Amino acid sequence: MSKGPGLFSNFGKKAKDLLTRDYLSDHKLSVSTYSESGVALTTSTVKKGGYSSGDVAAQYKYNNISTEVKVDTESNISATFTVAEIVPSSKTIATVKFPNYESGKLEFQYFHPHASLTAAVGLNQSPPLDLSVTLGTPTFALGAEAGYETTLGKLTKYTAGITVTKPESCASIILGDKGDTIKASYIHYLDQLKRSAAVGEITRKFSTNENTFTVGGSYSYLPECLHFMKLNNHGILGAVLQHELIGKSVMTLSSEFETKALDKTPRFGVALALKP
């Protein structure tokens, strides 16, 4: 793939991941194994409240083709097929689900040194259409996306954004929700490995005149330990401790509580990912 501005879906993603990805409110255990033939098998169980669920996923990659099949405890089956370079500098992704087969999707991605394009269509009788375009360079890019519902005959979403990326930082501004929400985010890395970082994100919703400002970061004082913390203007404080165990196994402990309502029960989450 060419080194261009990337996909529009990546605008603000680094800041968003640091503020949301590892903050858990459930209990999760996953075990991964790898066969000599190249098949990766992952078994996961999740307990949230009094409800438990699980799934088994198998991944296989051969040359420029990769396949993933997942089956969960509710008898849902999903399969994702990814083929690179059908057209030079492109990627084609097909997703099929059963029994909810109408939620399947076919997506085409094209990468150019100064642009990227994504087109997706639902695999049903009245397929929704999604299109995104990004123009620029790996350092500076402009982008937009739109969704069209063929059944209703109208646009269901349109979003525009701008991003500036440097080796040590990334800033993004996104106007979304049909122009009702604007979000600005900034992340700055504090070391060359990008394990320690500071992040800030502000969101304004015009229809409700509501502002949300969140600051956070990550810090690594030992190679096997990583800490995350965040706080927003509504008084919600979150903290995460991530510890690498034997091999590539990782244990994650997460907690979140409201500093303005200390009588409420804090939320706790635990995740253990076992890998060889």
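In this text the structure is predicted, and so the values were computed from the model without any measurement. (Residues numbered from 1 in each chain as written. Predicted model: local features only at pLDDT ≥ 70, side-chain atom pairs only at ≥ 80, totals over all residues. Heavy atoms only, no water.)

Caption draft 1: Molecular detail of the overall build of the protein. If you tally the helices and strands in the protein, you get one helix and 19 strands. The C-alpha radius of gyration of the protein comes to 21 Å, within 12% of the 19 Å expected for a compact globule of 276 residues. Taken across its 276 residues, the protein has 30% of its residues classed as buried. If the 28 positive side-chain charges of the protein are averaged to one point and the 25 negative ones to another, these points end up 3 Å apart. (Helix = DSSP H or I, 4+ residues; strand = E, 2+ residues; numbered from the N terminus. Rg over C-alpha atoms; globule rule 2.2 N^0.38 Å. Buried < 20%, exposed > 50% of the residue type's maximum accessible area, 1.4 Å probe, protein only. Lys, Arg positive; Asp, Glu negative; His and termini not counted. Charge placed at Lys NZ, Arg CZ, Asp CG, Glu CD.)

Caption draft 2: Spatial organisation of the packing of aromatic side chains. In total, this model carries one aromatic pair according to the counting rule given. The ring of Tyr189 has Lys194 sitting right over it, with the charged end atom 5.1 Å from the ring centre. Looking at Lys230, its charged tip hangs above the ring of Tyr23, at a distance of 4.2 Å from the centre. (Phe/Tyr/Trp six-rings, centres within 6.5 Å; stacked < 30°, edge-to-face > 60°. Lys NZ or Arg CZ within 6 Å of the ring centre and 35° of its normal.)

Caption draft 3: Expanded view of the side chain of Ser32. Tracing the chain through its elements places Ser32 in strand β1 (residues 27-34). Taking the relative accessible area as the measure of exposure, Ser32 reaches 8% and is therefore buried. A polar contact of 3.1 Å, which involves the side chain of Ser32, links it to the side chain of Thr42. Apart from residues lying up to four places away in sequence, Ser32 is in contact with Leu41, Thr42, Leu274, Lys275 and Pro276. (Polar contact = N/O pair within 3.5 Å; in protein donor to acceptor, adjacent residues only side chain to side chain. Contact = heavy atoms within 4.5 Å.)

Caption draft 4: The arrangement of the nonpolar core in detail. Ala15, Leu18, Leu19, Tyr23, Cys170, Ile187, Tyr189, Ala197, Val199, Leu226, Phe228 and Val240 form the largest nonpolar core, which has twelve residues in total. Of all the elements in the fold, those that place two or more residues in this core are α1 (13-20), β13 (181-189), β14 (197-205) and β16 (225-232). Setting aside its immediate chain neighbours within four residues, Tyr189 contacts Lys14, Pro167, Glu168, Ser169, Lys194, Ser196 and Ala197. (Core = buried A, V, L, I, M, F, W, Y, C linked by side-chain atoms within 4.5 Å.)

Caption draft 5: Representation of unusual backbone geometry within the structure. Here Phe98 and Pro99 are connected by a cis peptide whose omega angle stands at 10°. With phi around 65°, Ser75 is a residue other than glycine that occupies positive phi space. Along the chain, the position of Ser75 falls in the loop between β4 (65-72) and β5 (77-84). Of note, the phi angle at Asn209 is positive, near 55°, even though the residue is not glycine. For Asn209, the position within the fold is in the loop between β14 and β15 (210-222).

Caption draft 6: View of the pattern of salt bridges. Enumeration over the complete set of coordinates arrives at ten salt bridges. Put simply, Glu244 and Arg195 hold a salt bridge, and the shortest N to O gap is 4.0 Å. Here the residue Glu244 occupies a position in strand β17 (residues 236-244), and Arg195 occupies one in the loop between β13 and β14, the gap between them amounting to 49 residues. For Glu244, a relative accessible area of 38% translates into the label partly exposed. (Salt bridge = Lys/Arg side-chain N within 4 Å of Asp/Glu carboxyl O.)

Caption draft 7: Geometry of the pairing of β4. For strand β3 (residues 51-62) and β4, the ladder comprises eight bridges, and the chain directions are antiparallel. Following the sheet pairing, Tyr62 is matched in β4 by Ile65. The hairpin turn running from β3 into β4, its antiparallel successor, is two residues long, and Asn63 in that turn takes a positive phi close to 55°. Pairing of β4 with β5 involves seven bridges; the strand directions are antiparallel. By the bridge assignment for β5, Glu68 is matched with Thr80. (Pairing = 2+ DSSP bridges.)

Caption draft 8: Expanded view of the layout of surface pockets. In this structure, the largest pocket spans a volume of roughly 630 Å³. Lining the largest pocket are 25 residues, with Phe8, Ser9, Glu145, Thr159 and Ile174 positioned closest to its centre. Going through the elements one at a time, α1, β7 (105-112), β8 (115-122), β9 (128-136), β10 (140-149), β11 (154-166), β12 (169-176) and β13 are the ones with two or more residues in the lining of the largest pocket. Taken together, the residues of the lining of the largest pocket sort by class into seven nonpolar, eight polar and ten charged. Forming the walls of the second largest pocket are 24 residues, and the residues nearest its centre are Lys28, Ser30, Ser44, Ala273 and Lys275. Breaking the lining of the second largest pocket down by element, the ones donating at least two residues are β1, β2 (40-48), β3, β18 (250-258) and β19 (267-274). For the lining of the second largest pocket, the per-class residue count stands at nine nonpolar, seven polar and eight charged. (1 Å grid on protein atoms, 1.4 Å probe; cavity = no way out; pocket = protein on both sides within 12 Å on 5 of 7 lines; lining within 4 Å. Points joined across faces, edges and corners; volume = space filled by probe spheres on them. Nonpolar A, V, L, I, M, F, W, Y, C, P; charged D, E, K, R; others polar.)

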